[in-house]
Amino acid sequence: WQRSILFCPAVLASEVMSVIAAFRKSLGEHSIASCILVILVWEILKFLFRSSFASPSAKGDARKAPAASDEDFQDLTITKDPHVEIVPCGQANLPASVSSHSPCSLHPSNPTTPWRFENEYITGEYIYFHAPTGSSNAIGPDGMDYSKYFEGKSRLWELRIQLKFKQPPPVEEDMYFGIELNNDDFAEFGIATKQAHRLIVAALNQACNGLYQTSGDDPKEVADPERPCCVLPMYAFDQFIETPEGEQPPRLSDPDFPHFGQKRYKRVAEYTKEVEALKRRFRKGPTYTLAFWGVSRFLDVINWKVVGIPVATPIDFNNFAKRPPVWVVWYSSSASIASGNVLGMSFKQV
């Protein structure tokens, strides 16, 4: 069965649907029984497709065992438990006094202190965190209990960023943030992956309206290929805090952080207007704090899977991204600076 699906999914699906049609005819007017039969067969097909296409690394659960042994981490100050590695980028052209932060420094998720970053556009700090995967990444800055924070929440992770502009973006231009992927090994999606892809994009767009997604161009056929990406407008950030120049901004680990500033939850229309007004006020001086978690309930980064979408998931993220890293970008829509990676971070699954 698995070999048949792997090499001829369309033919197999056609044969199965023929069998279903025959059963439905024999069931006559029993529509409920017909529906149950269709659902059962569909679930079996889903299981077989995943078994066939899943990569070896996707068939295990990253939380079942440490990602590496203690010996592998003797000279590194990072957790031995499953985590996400983040690499700030875009510092190569900065003066030595700035780039001394190390442009390729490694920032594991669930840090004990916020990570600093700087490039030609902004300077700031951030924390990217999730429910702990072991004792080594359970406590954050100022004693923040990562496990307790995620209790009762559907989100799987959260990103908090605090920044000051060195070069504010043009007021008249739209801004987007999200992820880009490499397309060096570009390949068309298979039939099953295309169907799952449509369902996943629809779910993400429902969670954060305004999503732009593309599978990218084949670099062998296009001179200047577009990278695969999934980006959102600024109002998809779930929370923002604006701190006037000279005042102390909130700590990213403050227990009251969820109550600060303006929030998107259950007030999307009003919040969208507030974000548009905020963009017009972007300038040097104030401190801007942003938080994002809206689509995290669908993206299990630790296990590199898309989850939480009926019928389509769970599914290995490698079916869409091929492999890490994932580039996190924040940019203006102007063609003149669209390549300016304002946030400049690379996310790598470990």
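The text that follows walks through the structure, step by step, so that each part is easy to find. Just so we're clear, the structure is a prediction, and the values are computed from it rather than from any experiment. (Residues numbered from 1 in each chain as written. Predicted model: local features only at pLDDT ≥ 70, side-chain atom pairs only at ≥ 80, totals over all residues. Heavy atoms only, no water.)

Observations regarding the overall build of the protein
Inclusion rule: Only DSSP runs of H or I with at least four residues qualify as helices, and only runs of E with at least two residues qualify as strands; both kinds are numbered from the N terminus onward. Type-normalised accessible area, obtained with a 1.4 Å probe on protein chains alone, sets the label of each residue: buried when under 20%, exposed when over 50%, and partly exposed for intermediate values. In what follows, residue pairs with any heavy atoms lying within 4.5 Å of each other are defined as contacts. Only the protein chains shown count as cover for residues, with accessible areas throughout obtained via the Shrake-Rupley method and a probe of 1.4 Å.
Counting secondary structure elements, the protein contains eight helices and 16 strands. Across the 350 residues that make up the protein, the buried fraction comes to 45%. A separation of at least 24 residues holds for 66% of the contacts in the protein among residues at least 6 apart in sequence. Working note: accessible area of the protein is about 18700 Å², and carbon and sulfur atoms make up 56% of it.

A short note on the state of the cysteines
Our working rule: Two cysteine sulfur atoms make up a disulfide if the distance between them is within 2.5 Å.
If you walk through the whole model with that rule in mind, you get zero disulfides. Lacking any disulfide linkage, cysteine 229 is separated from the closest cysteine sulfur, that of cysteine 230, by 7.3 Å. Residue class for cysteine 229 comes out buried when judged on its relative accessible area of 7%.

Comments concerning the sheet that holds strand β11 (residues 287–292)
Applicable threshold: Any two strands between which DSSP finds at least two bridges are classified as paired. Think of each axis as a best-fit line through the C-alpha atoms, taken over the contacting stretch in the case of a helix, with angles from 0 to 180 degrees between the N-to-C directions.
Spatially, β3-β4-β5-β11-β9-β10 is the arrangement adopted by the six strands of the open sheet, whose pairing is antiparallel. On the outer flanks of this sheet lie β3 (115–118) and β10 (262–263), each paired with one strand and no other. Relative to β10, strand β9 (residues 239–243) runs antiparallel, the two sharing two bridges. Bridged to phenylalanine 240 within β10 is glutamine 262. Packing of helix α7 (residues 268–281) onto the sheet brings it into contact with β9, β10 and β11, and relative to β9 it is tilted by some 40 degrees.

Some remarks on the sheet that holds strand β14 (residues 315–316)
If you trace the three strands from one edge of the open sheet to the other, you get β12-β13-β14, paired in antiparallel fashion. Edge positions in the open sheet fall to β12 (299–300) and β14, since each of these has one partner strand only. Taken together, the two bridges between β12 and strand β13 (residues 305–306) define a ladder with antiparallel strand orientation. Among the inter-strand pairings, leucine 299 is bridged to a residue of β13, identified as valine 306.

Considerations on the nonpolar core
Cut-off, in case you're wondering: Among buried residues, the Ala, Val, Leu, Ile, Met, Phe, Trp, Tyr and Cys ones that are joined through side-chain atoms within 4.5 Å form a nonpolar core.
In terms of nonpolar packing, the biggest core is built from 47 residues, with Tyr128, Leu163, Ile200, Phe282 and Trp330 touching the most fellow members. Counting residues per element, this core draws most heavily on strand β5 (residues 157–165), at five residues.

Scope: geometric values only; no functional claims are made or implied.
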